[in-house]
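Structural overview
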Amino acid sequence: MSERPSAPETPAGIAHPSNRGAAILGVILVVVGIAFFVGQYFDLAWGDIGWPLYVIVPGLVLLAFGLSQAHAPGLTIAGTIVTSVGLVLFYQNATDHWESWAYAWALVGPTASGLGMVLHGLRFGNTKLVREGFWPIVTGLALFAVGFIFFEGVIGLSGDRWNLAEWVMPVIVIGLGVLILGRALLSRGAEDEPAG
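Residues numbered from 1 in each chain as written. Predicted model: local features only at pLDDT ≥ 70, side-chain atom pairs only at ≥ 80, totals over all residues. Heavy atoms only, no water.

**Focus: the overall build of the protein chain**
Note the cut-off: Numbering of helices and strands runs from the N terminus, with a helix taken as a DSSP run of H or I at least four residues long and a strand as a DSSP run of E at least two residues long. Type-normalised accessible area, obtained with a 1.4 Å probe on protein chains alone, sets the label of each residue: buried when under 20%, exposed when over 50%, and partly exposed for intermediate values. Should any heavy atoms of two residues lie within 4.5 Å, those residues are considered in contact. Methods summary: accessible areas were calculated by the Shrake-Rupley approach with a probe of 1.4 Å, and residue burial reflects only the protein chains presented.
In terms of helices and strands, the protein chain carries seven helices and zero strands. The helix and strand sequence of the protein chain, counted from the amino end, reads α-α-α-α-α-α-α. Going through the 196 residues of the protein chain one by one, you find that 27% of them count as buried. Partitioning the contacts of the protein chain with sequence separation of at least 6, the portion at a separation of at least 24 is 58%. Summed over all atoms, the accessible surface of the protein chain reaches about 12800 Å², with 69% contributed by carbon and sulfur.

Below, the structure written as structure tokens:
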């Protein structure tokens, strides 16, 4: 009769990955519960001022789980995307500046996904993932900046146009084009290098 192989033991003092994920979830739930108690005690209407927390908290949970699992970069990326949506909604709810979605999407799309890749790569020492996440962050921030200047400064989406010189927008668009072109050329150069 052959013996069943025993599961590898986790060294003392090191939490098993599934236990770490459960511990992180437990801490988040305790913090959320305390926030509800504080809201009840001080008669705060969380639904009026903090409804975006219903988006932010699940995003943080996904982020925490992703950062506790070496082979789950998708969870980390999803966590940063959902959290960034919640943060944008929190800003818009607090300021009543909903029209900012015209350019704030760039913080959610490329920027947040790149941030998730960088965070996961840094957490688990994956330099390739960090490099791959860098360009979406740069691209997203550049798109946000161009959108912000165009919609707020040129069009005056919030009501007041800025007094911009005529050359500002063309220079910004050219700069964004050079950035994207540089990225494409650098990526192509990296692909052409022989594997060592």
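**Description of unusual backbone geometry**
A positive phi angle is found at Asp 96, which is not glycine, with a value near 60°. Tracing the sequence through the fold places Asp 96 in the loop between α4 (73-95) and α5 (101-124).

**With respect to the side chain of Ser 100**
If you trace the backbone, Ser 100 turns up in the loop between α4 and α5. If we ignore the near neighbours within four places in the chain, the residues touching Ser 100 are Tyr 91 and Gln 92.

**Comments concerning α4**
For clarity, the threshold we go by: Expected span of a helix: the number of residues minus one, times 1.5 Å.
Under the 1.5 Å per step criterion, the end-to-end length of α4 is 33 Å for 23 residues, consistent within 8% with the ideal 33 Å. Buried residues along α4 sit in contact with α3 (53-68) and α5. Once α4 finishes, Asp 96 follows within two positions and takes phi at roughly 60°, a positive value.

**Notes on the packing of α3 against α4**
The relative placement of two packed helices comes down to the angle between their axes together with the axis-to-axis distance. Worth spelling out the cut-off: Helix axes use the C-alpha atoms of the stretch in contact, all axes being lines fitted to C-alpha atoms, and the angles between their N-to-C directions lie in the range 0 to 180 degrees. Roughly parallel here means an angle under 35 degrees, roughly antiparallel means over 145, roughly perpendicular means 65 to 115, and every remaining angle is called oblique. Rotating anticlockwise by less than a right angle from the far helix to the near helix defines a left-handed crossing, while the corresponding clockwise rotation defines a right-handed one. Nonpolar residues are Ala, Val, Leu, Ile, Met, Phe, Trp, Tyr, Cys and Pro. Charged residues are Asp, Glu, Lys and Arg, and all others, Gly as well, are polar.
Interhelical geometry of α3 versus α4 gives an angle of 155° and a closest axis separation of 7 Å. On the basis of their axis angle, the class for α3 and α4 is roughly antiparallel. As for how α3 packs across α4, the hand of that crossing is left-handed. Note on element contacts: α4 touches α3 through Leu 75, Thr 76, Ala 78, Gly 79, Thr 80, Val 82, Thr 83, Val 85, Gly 86, Leu 87, Leu 89 and Phe 90, opposite Val 55, Ile 56, Gly 59, Leu 60, Leu 62, Leu 63, Phe 65, Gly 66 and Leu 67. The class makeup of the residues in the contact of α3 with α4 is 14 nonpolar, seven polar and no charged.

**Brief notes about the packing of aromatic side chains**
Rules: Between rings of Phe, Tyr and Trp, where Trp is taken as its six-membered ring, a pair exists when centres lie within 6.5 Å; planes separated by under 30 degrees are stacked, by over 60 edge-to-face, and by other angles tilted.
Counted according to the given criterion, the structure contains seven aromatic pairs. Taking 5.1 Å as the distance between ring centres and 80° as the angle between the ring planes, the aromatic pair formed by Phe 150 and Phe 151 counts as edge-to-face. You can call Phe 150 partly exposed: its relative accessible area is 32%.

**Some thoughts on the side chain of Thr 111**
Tracing the backbone shows Thr 111 in helix α5. Among all residues touching Thr 111, those that are not within four sequence positions of it are Ala 106, Pro 136, Ile 137, Gly 140 and Leu 141.

**Observations concerning the nonpolar core**
Rule in force here: Joining through side-chain atoms within 4.5 Å is the link that ties buried Ala, Val, Leu, Ile, Met, Phe, Trp, Tyr and Cys residues into a set, and such a set is a nonpolar core.
Grouped together as the largest cluster of nonpolar side chains are five residues: Ala 142, Val 146, Ile 149, Met 169 and Leu 176. Where this core is concerned, the elements lending two or more residues are α6 (127-154) and α7 (168-192). Tallying contributions element by element places α6 first for this core, with three residues.

**Some words on α3**
Helix length check: α3, at 16 residues, gives a terminal C-alpha distance of 22 Å against a target of 22 Å (1.5 Å per residue), a fit within 8%. Those residues of α3 not exposed but buried are Ile 56, Gly 59, Val 61, Leu 63, Ala 64, Gly 66 and Ser 68.

**Remarks on the confidence of the model for the protein chain**
The test is simple: Residue-level confidence of the predictor is summarised by pLDDT, bounded by 0 at the bottom and 100 at the top.
Of the residues in the protein chain, 77% reach a pLDDT of 70 or more, and the chain-wide mean stands at 79. Looking across the protein chain, the model is least confident in helix α2 (residues 46-49), with a mean pLDDT of 61, and most confident in α5, with 93.

**Quick look at the environment of Val 146**
Of note, Val 146 is situated in helix α6. Residue classification places Val 146 among the buried positions, given a relative accessible area of 14%. Separated by 29 residues in sequence, Val 146 and Gly 175 place their C-alpha atoms 9.9 Å apart. Sequence-distant contacts of Val 146, that is, excluding residues within four places in its chain, are made with Met 169, Ile 172 and Leu 176.

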